Amino acid sequence: MGEQPIYTTRAHVFQIDPTTKKNWVPASKQAVTVSYFYDSTRNSYRIISVDGSKVIINSTITPNMTFTKTSQKFGQWADSRANTVFGLGFASEQQLAKFSEKFQEVKEAAKLARDKSQDKGETMSNHSQEESGRDTPSSNRASSINGTDDEKILHVDPEEAVLKTENEHLKSAIEQSNTNAKKWETELQTLRENNARLVDALQESSANVESWKKQLGACKEESDTLREKIAELEAQCNEANQEKQRNAQLSVRVKELEAELHDKEQELENLRKQAEIIPQLMAECEGITAKLQTAETRNKDLEGRVDGLQLDIDDSQQKQVNMKGELKKFMDMLDGKIDELHEFRQGLSKLGVDN
């Protein structure tokens, strides 16, 4: 089966400065994929990370390695074979904790694999010694029968077996490297496709932002229009207040007329008592009656105007209440749109950071 990924995450990759051995040098410009691979053929584990076409981590896990958390989102381990120290910066504490747990699991698995390999090597060594002990008499007999040439052949056979074994290992290593190359080419193609998708998504997001900007401009224009309407309504309200003041003045004038009417009635009574001047009083009475009728007519006209003005005031107040309600609904809708635009910008910035 060859190497297979068993765990994958994303992190910023760093390497220790080989000169100072203190400062961290970024190995990737952005967060890249970091994966654990298991090689079933060799029974080994590796951490591999690729940035574009460059392999920035190729570390084989051994039982002696230790992954150390140096902060809430940063961890490191030393690789003596690569003669360096690798550092990973994660986006969250959970990712760091998961990677550390996986490192410990892989380390234990590598230790078990080494112990099994040692036990198997010891068993094979003991078995080969026993076989060589049993084969010694027959080999002596063969050498005694066949002579010097056969002895040379017996000495050459183990070397040929070793060479064959090494050739087998080399062939498997070459096949494995070819398989890994194809696998990395596939993963590189996948990464390129993902980058293309991200670029398309970014372009679409930019288009959406432009659309939201246009909608926001339209909303601002509508808001300005509503503000103008509110100003007009306030002007109408001021006119209604002026009408109220006029009505109050008219009410005062009506009271004054009523007082004058009362005075005239008193005068009429006085005139009636004066019998000697009844014709004159009658004439004056008729004049006063005409004035009263005129005053009543004016009074009715004034009452009609007061009623009409009151209806206009009530209508204006109702219109003002309706306009305020519509303005409040529009402002709530505008706030919602602005909040959605803010959340969209945050998602866009996060997408840009991840990319």
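Relevant structure appears above.
Note that this is a predicted model, so its numbers are computed, not measured.

Engineer: I'd like to hear about the overall build of the chain, residue by residue, with values.
Structural biologist: Across its full length, the chain carries 3 helices and 8 strands. Each helix and strand of the chain, ordered N terminal to C terminal, gives the series β-β-β-β-β-β-β-β-α-α-α. For the chain, the proportion of its 355 residues judged to be buried stands at 23%. Carbon together with sulfur atoms contributes 51% to the accessible area of the chain, which is approximately 25200 Å² in total.

Engineer: Residues and numbers for the nonpolar core, please.
Structural biologist: Counting residues in each nonpolar core, the largest one holds 23 residues, and the members touching the most others are V13, I47, I57, W77, L88, F99 and F103. Breaking this core down by element, the ones donating at least two residues are strand 1 (3-16), strand 3 (32-39), strand 4 (44-51), strand 5 (54-60), strand 8 (84-89) and helix 1 (93-146). If you tally residues by element for this core, the top one is helix 1, at 5 residues.

Engineer: Go over the pairing of strand 1 with me, naming the residues and quoting the values.
Structural biologist: Pairing analysis gives 8 bridges linking strand 1 to strand 3, with the strands arranged antiparallel. Note on strand 3: the bridge partner recorded for R10 is T33. Note: strand 1 against strand 8, 4 bridges, orientation antiparallel. From the neighbouring strand, Q15 faces strand 8, where its bridge partner is F86. Note: strand 1 against strand 2 (residues 24-26), 3 bridges, orientation antiparallel. Bridge pairing links Q15 to V25 in strand 2.

Engineer: A description of the pairing of strand 3 should follow, citing residues and the corresponding values.
Structural biologist: Extensive coverage of strand 3 is indicated by the burial of 7 of its 8 residues. Note: strand 3 against strand 4, 6 bridges, orientation antiparallel. The residue bridging V34 from the neighbouring strand is S49, located in strand 4. Remark: 4 residues form the turn of the hairpin made by strand 3 and strand 4, two consecutive strands paired antiparallel; N43 in that turn has positive phi of roughly 60°.

Engineer: Would you mind going over unusual backbone geometry in detail, with residue names and values included?
Structural biologist: One non-glycine residue with positive phi stands out, namely N43, at about 60°. Among the secondary structure elements, N43 is positioned in the loop between strand 3 and strand 4. The partly exposed category is assigned to N43, whose relative accessible area is 34%. Unlike most non-glycine residues, N83 shows phi in positive territory, near 55°. Here N83 lies in the loop between strand 7 (74-79) and strand 8.

Engineer: Would you mind going over a negative patch on the surface in detail, with residue names and values included?
Structural biologist: On the surface, a cluster of negative charge is made up of D332, D335, D339, E340 and E343. Assignment of secondary structure puts D332 in helix 3 (residues 278-354).

Engineer: An account of the packing of aromatic side chains is requested, with residue identities and associated values reported.
Structural biologist: Per the stated rule, a full pass over the model turns up 12 aromatic pairs. For the ring pair W77 and F99, a centre distance of 6.4 Å and an interplane angle of 35° mean the geometry is tilted. Within this pair, whereas W77 is found in strand 7, its partner F99 is found in helix 1, the two being separated by 22 residues in sequence. The rings of Y7, Y36, F67, W77, F86, F90, F99 and F103 are connected pair by pair, giving a single aromatic cluster.

Engineer: Give me the lowdown on the pattern of salt bridges, citing residues and values where you can.
Structural biologist: In total, this model carries 8 salt bridges according to the counting rule given. In this structure, R114 engages D115 in a salt bridge whose closest nitrogen and oxygen atoms are separated by 4.0 Å. Note that R227 is salt-bridged to D224, the shortest N-O span being 3.3 Å. You can see R227 and its partner D224 sitting in helix 2 (residues 148-273), 3 residues apart, about one turn around the helix. Classification of R227 by relative accessible area gives partly exposed; the value is 48%. Residue classification places D224 among the partly exposed positions, given a relative accessible area of 41%.

Engineer: Residue-level account of the side chain of D17, with values.
Structural biologist: Locating D17 in the fold gives a position in the loop between strand 1 and strand 2. The charged side chain of D17 is buried without a salt bridge, its nearest counter-charge being K21 at 8.0 Å. Beyond its immediate stretch of four places on either side in the chain, D17 contacts K22, N23 and V25.

Engineer: Go over the environment of D51 with me, naming the residues and quoting the values.
Structural biologist: One can find D51 in strand 4. Linking D51 and Q30, residues 21 residues apart in sequence, is a C-alpha distance of 8.9 Å. Residues within four places of D51 in sequence aside, it is in contact with A27, S28, K29, V32 and I56.

Reading the values: rules and limits
Residues numbered from 1 in each chain as written. Predicted model: local features only at pLDDT ≥ 70, side-chain atom pairs only at ≥ 80, totals over all residues. Heavy atoms only, no water. Helix = DSSP H or I, 4+ residues; strand = E, 2+ residues; numbered from the N terminus. Buried < 20%, exposed > 50% of the residue type's maximum accessible area, 1.4 Å probe, protein only. Areas by Shrake-Rupley, 256 points an atom, 1.4 Å probe, with all protein chains shown as cover. Core = buried A, V, L, I, M, F, W, Y, C linked by side-chain atoms within 4.5 Å. Pairing = 2+ DSSP bridges. Patch = residues over 30% accessible without salt bridge, like charges linked within 9 Å, V, L, I, M, F, W, Y side chains within 5 Å. Salt bridge = Lys/Arg side-chain N within 4 Å of Asp/Glu carboxyl O. Lys, Arg positive; Asp, Glu negative; His and termini not counted. Charge placed at Lys NZ, Arg CZ, Asp CG, Glu CD. Phe/Tyr/Trp six-rings, centres within 6.5 Å; stacked < 30°, edge-to-face > 60°. Contact = heavy atoms within 4.5 Å.

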